[in-house]
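Each chain is listed here by its residues.
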Amino acid sequence: ERAVQRDTVFSMKKTTLSHQEIAGRKRSWTYATIGCVEWPLALEFHRPFSPRWILCRGISKETFLKITVFYRRLAVLLPCLFLIPGAVTRSEQSADSKEVAINAFMAARTLPDNVEARKLMTASLEGNYLKGKRLSPRVRSGRVVAFDYNSSTIRASGEKQFQVEVSCTWADLNELAYETQLERLTFVKVRNDWLADDIDLVKKVPFQGLPPLSLEQQKAGRGALAAAKRFAKAVVNRNPTLASQLVTQEYQNQFRTPEAWEDFFAGRSAPRYAAFDLRKFTLTSDSVAGVKIGLYQVEYGKRGASVAKAQISLQQGKTDWYVDDFQLIK
């Protein structure tokens, strides 16, 4: 108050000094620009984010009332300006932590081994896994390559447990996607971490795959389909060495250097190809065939997947079928 009586207009330097003088009374100085006039104001906090404005002397009654009304309205907005951007409610924090736990566990199930997935399981679930091997990312039936869920399906049972339904795309060991599984996951809180405690299979939806082939197509195109699958697996696994053994020399010559061939198969780091499916098989003649496939693109740790369509053209050589062209279809 003495600082207010001593000066009616403060510079930034004096404002700092005045703040130090009255810091013990929980006040700080600021300026309010109304029109072209800067008014020195002292902001006093009686409760957190409940300010009271103290103005300097030399202000008319009408101006004081106008400024008081203005700053009362401003005081109402202060909690929105300071609290909302940096503060998150408990329910929001809890929902975020649940989604982080779901994403981390499902992403770990897409890895080539089960080390990371087991770290995110409870002892009982890990025991079931070690006994039955049914939750391994790499098992006889295949592995999870993509997952998705709706946040609205998260159902909490108190503060220590929740369930969620997750849709998983499964592929076999040749990276061929074959079905979608709907699973109900149960998570429990152990200390401060959410761990997977149970996995219940709700239903399976097999992929349609290729339309039925005639007996002639099956006999003539069996080798072409096998070559297309091997090449698609090389694309998914980013294996240029294996792919070079499955293509014609004319196709490989389109890439001027070995580095260009390797870069073509390396692709982008994200999203990456995780699996493929077969969509259409065409046998033009006894030595020419085409296969349309879908390539599943995912980003590690994120839910959802997109599918890029591609065309594989094949020619029959002396002993086997070889890929003569590979193009993405828009």
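The rules behind each value
Residues numbered from 1 in each chain as written. Predicted model: local features only at pLDDT ≥ 70, side-chain atom pairs only at ≥ 80, totals over all residues. Heavy atoms only, no water. Helix = DSSP H or I, 4+ residues; strand = E, 2+ residues; numbered from the N terminus. Core = buried A, V, L, I, M, F, W, Y, C linked by side-chain atoms within 4.5 Å. Buried < 20%, exposed > 50% of the residue type's maximum accessible area, 1.4 Å probe, protein only. Contact = heavy atoms within 4.5 Å. Polar contact = N/O pair within 3.5 Å; in protein donor to acceptor, adjacent residues only side chain to side chain. Salt bridge = Lys/Arg side-chain N within 4 Å of Asp/Glu carboxyl O. Expected span 1.5 Å × (residues − 1). Bend = angle between axes of the 7 residues up to and from the residue.

Trainee: Would you mind going over the environment of isoleucine 199 with me for this structure?
Mentor: Mapped onto the secondary structure, isoleucine 199 falls in strand E8 (residues 193-206). Sequence-wise, isoleucine 199 and glutamine 163 are 36 residues apart; in three dimensions their C-alpha atoms are separated by 9.7 Å.

Trainee: Is there a simple way to think about the nonpolar core in this case?
Mentor: Across soluble globular proteins, nonpolar side chains have a tendency to be buried as a group. In terms of nonpolar packing, the biggest core is built from 31 residues, with Phe231, Val291, Ile293, Ile312, Leu314 and Phe326 touching the most fellow members. When residues of this core are traced back to their parent elements, those giving at least two are helix H7 (215-237), helix H10 (258-266), strand E9 (272-283), strand E10 (288-298), strand E11 (306-316) and strand E12 (321-329). Here phenylalanine 231 is in contact with Ala243, Leu246, Val247, Phe265, Ile312, Val323 and Phe326, once residues within four sequence places are set aside.

Trainee: Just checking my understanding: could you explain the side chain of glutamate 183 for this structure?
Mentor: By the element assignment, glutamate 183 lies in strand E7 (residues 177-190). Residue glutamate 183 is classed as buried on the basis of its relative accessible area, which comes to 3%. A distance of 2.8 Å separates the side chain of glutamate 183 from the side chain of arginine 109, its partner in a polar contact. Look past the residues within four positions of glutamate 183 in its chain and what remains in contact with it is Arg109, Val164, Glu165, Val166, Cys168, Trp170, Ile199, Asp200, Leu201 and Val202.

Trainee: What am I meant to see in the pattern of salt bridges here?
Mentor: It is possible for side chains of opposite charge to pair when their charged atoms get near one another. Applying the stated criterion to the full structure yields 8 salt bridges. For arginine 230, the salt bridge goes to aspartate 320, with nearest N and O atoms at 3.5 Å. In this pair, arginine 230 sits in helix H7 while aspartate 320 sits in the loop between E11 and E12, placing the two residues 90 residues apart along the sequence. On the accessibility criterion, aspartate 320 (28% relative accessible area) is partly exposed. A salt bridge links arginine 279 to aspartate 277; the nearest nitrogen and oxygen atoms lie 3.0 Å apart. On the basis of relative accessible area, arginine 279 is assigned to the partly exposed category, the value being 34%.

Trainee: Would you mind going over H7 with me for this structure?
Mentor: The terminal C-alpha atoms of H7, which comprises 23 residues, lie 32 Å apart, in line with the 33 Å expected from a rise of 1.5 Å per residue. Most pronounced at glycine 221, the bend in H7 amounts to some 55°. When we look at burial in H7, the residues that qualify are Gly221, Ala224, Leu225, Ala227, Ala228, Phe231, Ala232, Ala234, Val235 and Val236. Buried residues in H7 make contact with helix H8 (240-244), H10, E9, E10, E11 and E12.

Trainee: Where do I start with unusual backbone geometry in this structure?
Mentor: One can expect most non-glycine residues to show negative phi and most peptide bonds to be in trans. Located in the positive-phi region is glutamate 175, a residue other than glycine, with phi close to 70°. The class of glutamate 175 is buried, set by a relative accessible area of 3%. A positive phi angle, near 55°, is found at arginine 238, a position not held by glycine. Its place among the elements puts arginine 238 in the loop between H7 and H8.

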